[in-house]
Each structure stands twice: as C-alpha cells, then as structure tokens.
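Per-entry structural report
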Amino acid sequence: MHRPDSAASRLGELDLPSVIGHRGAAGVAPENTLGGLRRASALGCRWVEFDVRLTADRELILFHDDRLERTTDSCGNVGALPSSAIRCCDAGAWFDASFAGERVPTLAEAIELLSELGLGANVELKSQRGNAIQTGMAAADLLARLWPQHLPRPLISSFSPDTLEAARYRAPTMARGLLLRGAGGRWRRAEALGCATVNADHRFLRPAVVAQIRNAGYSVLAYTVNEPARARELFAWGVCSVFSDVPHMILAQMPPGLPQSNATPPPLLAGSARREALM
Ligand code: G3P
Ligand code: MG
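The present account deals with the structure reproduced in this document. (Residues numbered from 1 in each chain as written. Chains lettered and ligands numbered in written order. Predicted model: local features only at pLDDT ≥ 70, side-chain atom pairs only at ≥ 80, totals over all residues. Heavy atoms only, no water.)

Regarding the overall build of the protein
Per the secondary structure count, the protein includes 11 helices and 11 strands. Summing over all exposed atoms, the protein offers an accessible surface of approximately 11300 Å²; the carbon and sulfur share of this is 52%. (Helix = DSSP H or I, 4+ residues; strand = E, 2+ residues; numbered from the N terminus. Areas by Shrake-Rupley, 256 points an atom, 1.4 Å probe, with all protein chains shown as cover.)

Given below as structure tokens:
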C-alpha cells in the first residue's frame, strides 16, 4: 500500500475533538458571530468551525454566504463591499430578537475571543470572484501572526484547492483540511495539497470510503451532523469528528468510551474495510 508521508505526520498532531460547533453553534445562535462562539463554548464545545472571507478592502471577516441578505439586515455582495459597510449590519436579529446587535466579526476579533474562551478552531476559507489566492494568503498570514500559543493548533480548510495552496505557501506548517461536497475519489487530492484531514459532507460518506481515507493517513471530519444516531454511526465507521449546529445534542449522546480528543492520524482498520482500502 502506498502510505504517503502524510500531512498529519508532517504537520504534527491536531488535537481534534469528536464534536465541533458548526458556524459556532448555528442551531441555537446566529452563525459566524461572537455570540455564537460564546454559545458554543457554553454548550461544551472545545472547538468551533466558522467561515471566513475577504471584503472588498481586504478585511477578513466571519461570513458564510457571498451575499448579506440571509444573515443580516442588509443587502449586497460581501466581496464588493468595504468592511465598514458590512460591520454596520445587524447579524443577530434575523435569528432571534435576543441576538439583536450582533455584528459581523473580523477574524482578528474572533481569535481574541477564542483565546479568552480557550476554544480551538477550524477556519474555513470561502473565496469568490477570483480572490481564492488572496484569501488563502491573507488568512494564513493573519493566523500565523495572531494565533495564541496556548490554543490547540488551528485547522484551515477550504473547498478551493487554490486557497489551500496559497495558505500552504504562506504558512507551510499550518494544518490544512480538504473540503469536499461529494465523495468519490476526490479526497485523493489531499495528498498533493499536503492536507492533514478530509472534511466531507456526511451524506456522501460510506464505510468503505471512510476506511480508504483513513488508511491513506488522513483524519475524516464530517459535516453537518445534527442527529445523535447519525453521529454515532459515523464514529463507528471511523470518522474522527463531526461538525454540528447542535453540538450539545451530539455531546449528550456520545457513544461510551469515545474520546473527547482524537489524535491524528487514526489507526488502520482491520478486516474487510482494510482489505478494500488496500485494493
Ligand atoms: O466546514 C464544514 C462545513 O461548514 C462546510 O460547509 O457550507 O456549512 O460552510 P458550509
Ligand atoms: Mg463552513
């Protein structure tokens, strides 16, 4: 079997927990806000995932969509607006009146809060309109400069290979995860991109695919898992961590004996799953 000098071993171990709050804790607080990060921490998360993108004036902010409409009280294309315009928006009232006044945070503000809360993070980089390389470089530079030493090492992820390459260029030792929408064989790009993890949509995962990826030396992370029974199934297949909008519900029904922290890379599987992976 070809066993690559995997990024997991090259980059050192990631201290990944079994459950990662998705966009903070998007089921119970407005996504990608400081209030959401606080809520995730209060619900027992050790790590959160959030989305980061560039504004027109090259500020890195926490935001999922290309446009403002769904999660703010304003409208417009995030990549075409200056950060001053975006930071005026209310990013909490759309979710619940109790969150009115939440702002769109900068990545620097989020890191400061993570430091205070002791939260680890998967920083997902979203790119648009030809800014994939700029996004990867700017985020890697900022994380290298500001990431607190006392936190677990961060994981950068992206659907964009260009963004991952750019991040690698600027911060070669920072751990990267390849995000996939489907499954198939696209996870194999993780090797060329020097990724430590493969982050896949759980709906496309099957036991054999999980085994193949693990046997190639990568941890498998699955998004977005909001049903405890599905999380237990994925863990039984060898998935390392699940991203959840309702992390407290998954944490409350974790299978007995599952560690809160999953070192990478995971052990090889035995039996038929391994035989299939070796083929
Ligand atoms: O990083 C996992 C997940 O967040 C990827 O999809 O659209 O929720 O950012 P999305
Ligand atoms: Mg995301």
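Don't stop here, the text continues.
Brief notes about the nonpolar core
In this structure, Leu 37, Val 48, Phe 50, Val 52, Leu 107, Leu 114 and Leu 143 are the most contacted members of the largest nonpolar core, which totals 29 residues. Here the element with the most residues in this core is helix α4 (residues 107-117); it accounts for 5 residues. Excluding residues within four positions of it along the chain, Leu 107 makes contact with Phe 50, Val 52, Leu 60, Ile 61, Leu 62, Leu 142 and Leu 143. Within the second largest apolar cluster, 27 residues are counted, among which are Leu 180, Cys 195, Ile 213 and Ala 216. (Core = buried A, V, L, I, M, F, W, Y, C linked by side-chain atoms within 4.5 Å. Buried < 20%, exposed > 50% of the residue type's maximum accessible area, 1.4 Å probe, protein only. Contact = heavy atoms within 4.5 Å.)

Brief notes about the coordination of the magnesium ion (ligand 2)
Any two of four tetrahedral donors ideally make an angle of 109.5 degrees at the metal, while pairs among six octahedral donors ideally make 90 or 180 degrees. Coordination of the magnesium ion (ligand 2) by the protein involves Glu 49 (OE), Asp 51 (OD) and Glu 124 (OE), with metal-donor separations of 1.9 to 2.1 Å. Spacing between the donor residues of the magnesium ion (ligand 2) along the chain follows E-x1-D-x72-E. With Glu 49 in strand β3 (residues 47-54) and Glu 124 in strand β5 (residues 120-125), this residue pair connects regions lying 75 residues apart in the sequence. Comparing Glu 49 with Glu 124 shows no difference in burial state: the two are buried. (Donors = N, O, S within 2.8 Å, 3.2 Å for Na, K, Ca; no water.)

Some details on the pairing of β5
Every regular strand shows the same layout, with side chains that alternate between the two sheet faces. With 6 of 6 residues buried, β5 lies mostly within the body of the structure. On β5, burial covers both faces: Gly 120, Asn 122 and Glu 124 on one face and Ala 121, Val 123 and Leu 125 on the other are all buried. The pairing of β3 with β5 spans 6 bridges and is parallel. In the sheet register, Val 48 faces β5, and the bridge partner there is Ala 121. Inspection of the sheet shows β5 paired to strand β6 (residues 155-158) by 3 bridges, in the parallel sense. Within the sheet, the bridge partner assigned to Val 123 lies in β6 and is Ile 156. In terms of handedness, the path from β5 via helix α5 (residues 132-146) over to β6 forms a crossover that is right-handed. (Pairing = 2+ DSSP bridges. Right-handed = clockwise from strand over helix to strand, strands pointing away.)

A word on the site of ligand 1
What surrounds ligand 1 is the set His 22, Arg 23, Glu 49, Asp 51, His 64, Glu 124, Lys 126, Phe 159, Leu 179 and Tyr 223. Here an oxygen atom of ligand 1 sits 2.7 Å away from a polar atom, N or O, in the side chain of His 22. Between His 64 and ligand 1, the recorded distance is 2.7 Å, taken from a side-chain N or O atom to an oxygen atom. Partitioning the shell around ligand 1 into residue classes produces 3 nonpolar, 2 polar and 5 charged. (Near = heavy atom within 4 Å. Polar contact = N/O pair within 3.5 Å; in protein donor to acceptor, adjacent residues only side chain to side chain. Nonpolar A, V, L, I, M, F, W, Y, C, P; charged D, E, K, R; others polar.)

Thoughts on the pairing of strand β7 (residues 175-180)
In terms of residue burial, β7 counts as a mostly covered element, since 6 of its 6 residues are buried. Inspection of the sheet shows β6 paired to β7 by 4 bridges, in the parallel sense. Within β7, the residue paired with Ile 156 across the bridge is Arg 176. Handedness of the crossover is the feature at issue here: the chain leaves β6, passes through helix α6 (residues 161-170), returns alongside β7, and the resulting connection is right-handed. Bridging between β7 and strand β8 (residues 197-201) involves 4 bridges; their strand directions are parallel. Across the sheet, residue Leu 180 finds its bridge partner in β8, namely Ala 200.

Topic: unusual backbone geometry
Along the chain, Tyr 223 connects to Thr 224 via a cis peptide bond; the corresponding omega equals -25°. Looking at where Thr 224 falls in the secondary structure, it is placed in the loop between β9 (219-223) and α9 (228-237). Positive phi, normally seen in glycine, also occurs at Arg 58, with a value near 65°. As for its position among the elements, Arg 58 is in the loop between β3 and β4 (60-62). The backbone phi angle of Arg 129 is positive, close to 45°, even though this residue is not glycine. Topologically, Arg 129 is positioned in the loop between β5 and α5.

Brief notes about the pattern of salt bridges
Taken as a whole and assessed by the stated rule, the structure comprises 14 salt bridges. Asp 66 is paired through a salt bridge with Arg 53; the nearest N and O atoms lie 3.0 Å apart. Taken together, the residues span a long stretch of sequence, with Asp 66 in the loop between β4 and α3 (83-86) and Arg 53 in strand β3 at a distance of 13 residues. Residue classification places Asp 66 among the partly exposed residues on the basis of a relative accessible area of 36%. The salt bridge involving Arg 170 is made with Asp 141; its shortest N-O contact spans 2.8 Å. Placement of Arg 170 in helix α6 and of Asp 141 in helix α5 is noted, with a sequence separation of 29 residues between them. By sharing partners, the salt bridges in this structure join Arg 23, Glu 31, Asp 51, Asp 65, Arg 70, Glu 124 and Lys 126 into a single network. (Salt bridge = Lys/Arg side-chain N within 4 Å of Asp/Glu carboxyl O.)

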